[in-house]
Amino acid sequence: MNRVPAWFPRQVLWFTWTLLVLIAAWLIDVEFLLPGPRVNISSSVPVGLYWFTPQHEVTKGTIAVVCFDGWAEQFMRRVSDLGAGPCPSGIAPAAKVLAAVPGDAVSFSREGVRVNGGDLWPMSRPLAQYGPQPERTITLARRQVLLMGLNRYSADGRYLGSIDDHVIIGSWRPLLVF
């Protein structure tokens, strides 16, 4: 009679839980600079599964992964739900769409944000809770980018304006979004 050893179920359970913990750690960005799958639960970009690629140069329209610093990091701590994370500032990386690049003209108004005179960026009307935003048009200088979220409550370029592109640590490619 073939009997399963008494240690078998406990070992399988231990192995299964260890594997699940390791996978979860990978997915929540413990090794955030290594390429691999990432789960997004924030509302700045669609909830889903993404593939992270570490790179500093990303193209317009790409979902950029950023580690904010300086005044932008202070603003994000004050108004967003970014928790503790592996960025040098101690917060979690954020995902935003790279909406404008050097040379683009960006207009900020009470209605929202326009890039190169095009349509309003979706849901970009500034919220009153962040105070009045000055109406202005700027042309992005070398190494300046505009990062935007895809929901009306996103802490993004409406309030930050343009920021230096050195904060970009990589990009996300959607695998499965909801």
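Above this text you will find the structure in question.
Predicted model, so just to flag it, every value in this text is computed and none were measured.

Asker: Any chance you could break down the overall build of the chain for me, citing the residues and the numbers?
Answerer: The helix and strand inventory of the chain stands at three helices and ten strands. In the chain, the order of α-helices and β-strands from amino to carboxyl end is α-β-β-β-α-β-β-β-β-β-α-β-β. With 178 residues in all, the chain has 38% of them scored as buried. By sequence separation, contacts in the chain at least 24 residues apart represent 62% of the contacts at least 6 residues apart. In the structure as shown, the chain presents an accessible area of about 10,500 Å², 62% of it carried by carbon and sulfur atoms.

Asker: Before we move on, can you summarise the pattern of salt bridges with the specific residues and values?
Answerer: A full pass over the atoms with the stated rule returns five salt bridges. Note that Glu135 and Arg110 form a salt bridge whose closest N and O atoms lie 2.8 Å from each other. Taken together, the residues Glu135 in the loop between β6 (113–115) and β7 (136–139) and Arg110 in the loop between β5 (105–108) and β6 connect sequence positions 25 residues apart. Residue classification places Glu135 among the partly exposed residues on the basis of a relative accessible area of 47%. Classification of Arg110 by relative accessible area gives exposed; the value is 59%.

Asker: Which residues make up the sheet that holds strand β10 (residues 168–177), and what values go with them?
Answerer: Read from one edge to the other, the open sheet built from seven strands follows the order β1-β2-β10-β3-β4-β8-β9, with strand pairing classed as antiparallel. Looking along the sheet, the strands with just one partner apiece sit at the ends: β1 (36–40) and β9 (163–164).

Asker: Report on the side chain of Thr62, specifying residues and quantitative values.
Answerer: Along the chain, the position of Thr62 falls in the loop between β2 (48–54) and β3 (63–66). On the basis of relative accessible area, Thr62 is assigned to the buried category, the value being 16%. Here the side chain of Thr62 touches Thr59 through a polar contact of 2.7 Å, landing on its backbone oxygen. Beyond its immediate stretch of four places on either side in the chain, Thr62 contacts Lys96, Val97, Leu98 and Ser171.

Asker: So, the environment of Tyr159: which residues are in play, and what are the values?
Answerer: Mapped onto the elements, Tyr159 comes out in helix α3 (residues 157–160). It is 7.7 Å that separates the C-alpha atoms of Tyr159 and Tyr130, two residues lying 29 residues apart in sequence.

Calculation rules
The residue numbers shown here count from 1 along each chain, following its written sequence. With the structure being a predicted model, the display of local features is reserved for residues of pLDDT at least 70 and the display and counting of side-chain atom pairs for 80 or more, all residues being used for whole-chain, interface and lining totals. Processing note: side-chain calculations cover all non-hydrogen atoms of the structure and skip hydrogens and water entirely. Numbering of helices and strands runs from the N terminus; a helix is a DSSP stretch of H or I covering at least four residues, while a strand is a stretch of E covering at least two. Only protein chains enter the accessibility calculation, which uses a 1.4 Å probe; a residue whose area is less than 20% of its type maximum is buried, one above 50% is exposed, and one in between is partly exposed. When checking whether two residues touch, look at their non-hydrogen atoms; a contact exists if any pair is within 4.5 Å. Note on areas: these come from Shrake-Rupley sampling with a 1.4 Å probe, and a residue is covered only by the protein chains present in the view. Should a side-chain nitrogen of Lys or Arg be within 4 Å of a carboxyl oxygen of Asp or Glu, the pair is scored as a salt bridge. Pairing between strands requires that DSSP locate at least two bridges from one strand to the other. Polar contacts, as used here, are pairs of N or O atoms within 3.5 Å; protein pairs need one atom able to donate a hydrogen and one able to accept it. Residues neighboring in sequence count only if both atoms are side-chain atoms.

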